[in-house]
Amino acid sequence: MGAFLWDMFFSILGAAIMLVIPLIVRHITHNVVYLEAGEARREIIRLGILSLILIVIEYGCNFWTTYYGHRMSSRMEYDMRAELFAHYQKLSFSFFDDQKVGHLMSRVTTDLFDISELFHHGPEDLVISVIKLVGSFTILFFINWRLALVAFILVPPMTLYAIKLNKRMKIVYKRNRKKIAEINGQIEENLSGIRVVKSFANEEVEKKKFKVGNDGFLESKRQNYLVMAQYQSGINGFTTLLNVLVVIVGAFLITENKLPVTDLVTFLLYVGNVTEPIRKLVAFTEQYQNGMSGFERFYEIINIHPDIEDSPNAVEAHRFEGKISFRDVSFRYENTLQDVLAHVDLEIEPGEYVALIGPSGVGKTTLCSLIPRFYEVSSGAILVDGRDVRDYTQKSLRRNIGIVQQDVYLFSGDVMENIRYGRPDATDEEIILAAKQANAHDFIMSLPEGYHTDIGQRGVKLSGGQKQRISIARVFLKNPPILIFDEATSSLDNKSEKVVQKSLEALAQNRTTLVIAHRLSTIRSASRILVLSEDGIDEEGTHEELMEKNGVYAMLYRLQFPEFLEETDDIEYAHAN
Ligand code: ADP
C-alpha cells in the first residue's frame, strides 16, 4: 500500500509540474514584452533555472511512476500468478477433464497482465487526467475566460467522438483476440499432431485449414486498423482544430485589446494538456473493463474448491502392507449419466499380482484411479490396509502408490532429472540403481550423454519401451508398496515388450500389483486375473482356473489365440481391447 501511495503522490506531483511549466513560460514571455531588457534577462535566467529544477523533479516523478509503479504491479501479478498456479496444483482430475489447457494458461498470462495494468495505470491515469483537465481549465479561466470557453466548446464533441470510436474499437479488439486465440489453437493442435499430419501426407489440407484462420485474422486486423485510423486521425484533427480555433479567436480578441499576446502563447501550450487527458480517460474505460473481467476470471478459478480434499481428521499413512479392498463401490464421472462401475467388491491381498482384462472402455483405468483417490467413489468405499482411503491424507496415500501409465509423461530436462521425479531427494547412485533394476541402465548409457542426455519436450527422442522403462525406474526409486501398471497397448515391439515385462516383474516383487493387461505375457505372470465386463467383475482366478472354468476368459483366449494356446508368450491380447 505504501508503494501505491508513493506512486499516486509522484503522479500528482508530475501532473502539477506539467501544469506549472506553461505558467512559467507565460511569465518569461510577459517579461520579454513588458520589462526593460536588463531586468527581463535576469528574470528569464531565474525562471529558466526554476524550470530546469522542475524538469528534474518531473523526470524523477516519471521515473518513479514508470519504474516503481510497474515493479509494484508486477509484484502483485507475481503473487496472483503464484496463487493461481498453486491452486491449479490443488484441483482434482475431474476439474482438468473439463478444461482446455490453453484457456487455463491464458488466465495465468494475459488475464493477470490486464489486472496488473489496470491496478497500476488505472488510478494513476484517472487522477492525472482529472487534475490536468480541471487544472488547465481553472488556470485558463483565470487568464482569459472568453478564450477558455472557446477551448472548452470542443471538449464535449471530442469526448463523444472518442467514446464512440472506442466502443467500436472494443468490439474489433475482442474479435481480434478471438481470432488470434483460434490461430494459436490451430497451431498448437497442428504441431502436437504433426506426426499424424505427415503420416497422412495431409500438409496441404492443414495449410488450407490454416489459411481460413489466417485470412480471418487478417480481415479482423484490417477492421481494427480502420477504426484505429479513424480514431487517431479524428483525435489529431480535433487537437489541431482546437489550436487553430484558439489562435483565430485569440487573434480577434487581441485586435480588440481583450487579450495580451503572451496569454495566447500560454493558451496554446495548455491545449495539449486538455486533449491528452481526454484520450487517456477514454482509454481508461477499456482498461478498466479488461482488468475487471480478468479479475472476475481470476476469482472464478480461485473460488473453485477442489472436490477432493483431505478430511479434517485425515491420518498420515505410513508404509502400507498393501491390502486393497473394494466394498460395494460404484462410480460415475461428473456430467455423465451412467455408472462406469456398479457395486464392485474386490479383495486384493498384500503382495498379490492381479491382472485386469476386459474390453476397452469397460472401466479398468477408472477402477485403478479410484485407489489413489484421483476420483472419489460415488458410493461404497475403498480400503487400503483396512482403512478408508478418504481417511488418509492424499499425499501419504499417493506416496504409497506407484503408477506407470500407458502414455508416459516425461518432463523437459535430462534422464537423471526425470527418474529423480520418483523421489526428489534421491542421490545419483540411487537413481542409477533404480535404472539398473528397471533394465534401463544400458540404453541410457548408450545415449549421447548418458544420464545427462536432454530428453526434449515430452521425450520425443525416446522409444515407447524406453519411456516406459524410465517410468518404471521412477517407481523403483519411489519404492511404493502398491503398484498400478497400465500396460502400453500396442506401441511396443516384441523385443522391447519383453524387456519392459522383465522390468515390471522385477518391480512387482514384494508389492501389491494391479496390471491393466493387454498382453498374454503380463496375464500369465498374474496370480489372479479379473475379467471386467459391463456388469462388473465377470470372472476371477488364475489362468489355469479360468481356462478350466471354460467361461468368458477361456472363450476369449481360444478365439484369439487358437494355435498358440500354450507355446508362446509373445502374442498381444490387444484385439480384445
Ligand atoms: P478402460 O480403461 O477399461 O478402457 P476407462 O476406465 O478408461 O476404460 O473408461 C471407462 C468409461 O468411462 C468409458 O466409457 C469412458 O468413456 C468413460 N470415461 C473415462 N474417463 C472419463 C472422464 N474423465 N470423464 C468422463 N468419462 C470418462
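Residues numbered from 1 in each chain as written. Predicted model: local features only at pLDDT ≥ 70, side-chain atom pairs only at ≥ 80, totals over all residues. Heavy atoms only, no water.

## Digging into the packing of aromatic side chains
All told, the structure shown has 24 aromatic pairs when counted by the stated rule. For the pair F4 and F119, a centre-to-centre distance of 5.8 Å together with 25 degrees between the ring planes defines the contact as stacked. With a gap of 115 residues between them, F4 in helix α1 (residues 2-34) and F119 in helix α4 (residues 101-143) connect regions that are remote in the sequence. When its relative accessible area of 16% is taken as the criterion, F4 is described as buried. Ring pairs connect the aromatic residues W6, F9, F10, Y59, F63, W64, Y67 and Y68, which therefore count as one cluster. Positioned over the ring face of Y78 is R75, at 5.6 Å from the centre of the ring. (Phe/Tyr/Trp six-rings, centres within 6.5 Å; stacked < 30°, edge-to-face > 60°. Helix = DSSP H or I, 4+ residues; strand = E, 2+ residues; numbered from the N terminus. Buried < 20%, exposed > 50% of the residue type's maximum accessible area, 1.4 Å probe, protein only. Lys NZ or Arg CZ within 6 Å of the ring centre and 35° of its normal.)

## What to know about the sheet that holds strand β5 (residues 387-388)
The antiparallel open sheet is built from four strands, whose spatial order is β2-β1-β4-β5. Bordering the open sheet on either side are β2 (341-348) and β5, each of which pairs with just one other strand. Relative to β5, strand β4 (residues 379-384) runs antiparallel, the two sharing two bridges. The residue bridging V384 from the neighbouring strand is R387, located in β5. (Pairing = 2+ DSSP bridges.)

## Observations concerning unusual backbone geometry
You will see that N439, though not glycine, has its phi angle at about 60 degrees, which is positive. Positionally, N439 belongs in the loop between α13 (428-437) and α14 (441-446). On the basis of relative accessibility, which here comes to 26%, the residue N439 falls in the partly exposed class. Of note in the backbone geometry, N550 takes a positive phi value of approximately 65 degrees without being a glycine. Residue position: N550 is located in the loop between α18 (543-549) and α19 (552-560).

## Regarding the site of the ligand
For the ligand, the full set of nearby residues is D97, Y333, V340, P359, S360, G361, V362, G363, K364, T365, T366 and Y375. Within the backbone of V362, one N or O atom sits 3.2 Å away from an oxygen atom of the ligand. Here T366 contributes a side-chain N or O atom positioned 2.4 Å from an oxygen atom of the ligand. Contact with the protein chains removes 63% of the 560 Å² of surface that the ligand exposes when unbound. Looking at the shell around the ligand element by element, the count peaks at three residues for helix α10 (residues 364-370). (Near = heavy atom within 4 Å. Polar contact = N/O pair within 3.5 Å; in protein donor to acceptor, adjacent residues only side chain to side chain. Areas by Shrake-Rupley, 256 points an atom, 1.4 Å probe, with all protein chains shown as cover.)

## A few points about the confidence of the model for the chain
For any part of a model where pLDDT is low, the fine detail of the predicted coordinates should not be relied upon. For the chain, per-residue confidence averages 86 on the pLDDT scale, and residues scoring 70 or more make up 95% of the total. A low-confidence stretch, residues 563-577 (pLDDT under 50), is modelled with 42 contacts involving residues beyond four sequence positions or located in other chains. (pLDDT = per-residue confidence, 0-100. Contact = heavy atoms within 4.5 Å.)

## Considering the pattern of salt bridges
On inspection of all chains with the given rule, the structure shows 23 salt bridges. For the salt bridge of E77 with R81, the shortest nitrogen-to-oxygen distance reads 3.2 Å. Taken together, the positions of E77 and R81, both in helix α2 (residues 37-90) and four residues apart, correspond to about one turn of that helix. When its relative accessible area of 10% is taken as the criterion, E77 is described as buried. Accessibility expressed as a relative area gives 33% for R81, which makes it partly exposed. Two residues, D425 and R423, come together in a salt bridge whose shortest N-O distance is 3.4 Å. Of the residues examined, D425 reaches a relative accessible area of 60% and is grouped as exposed. Three or more residues joined by partner-sharing salt bridges are found here, namely K323, R327, E347 and E349. (Salt bridge = Lys/Arg side-chain N within 4 Å of Asp/Glu carboxyl O.)

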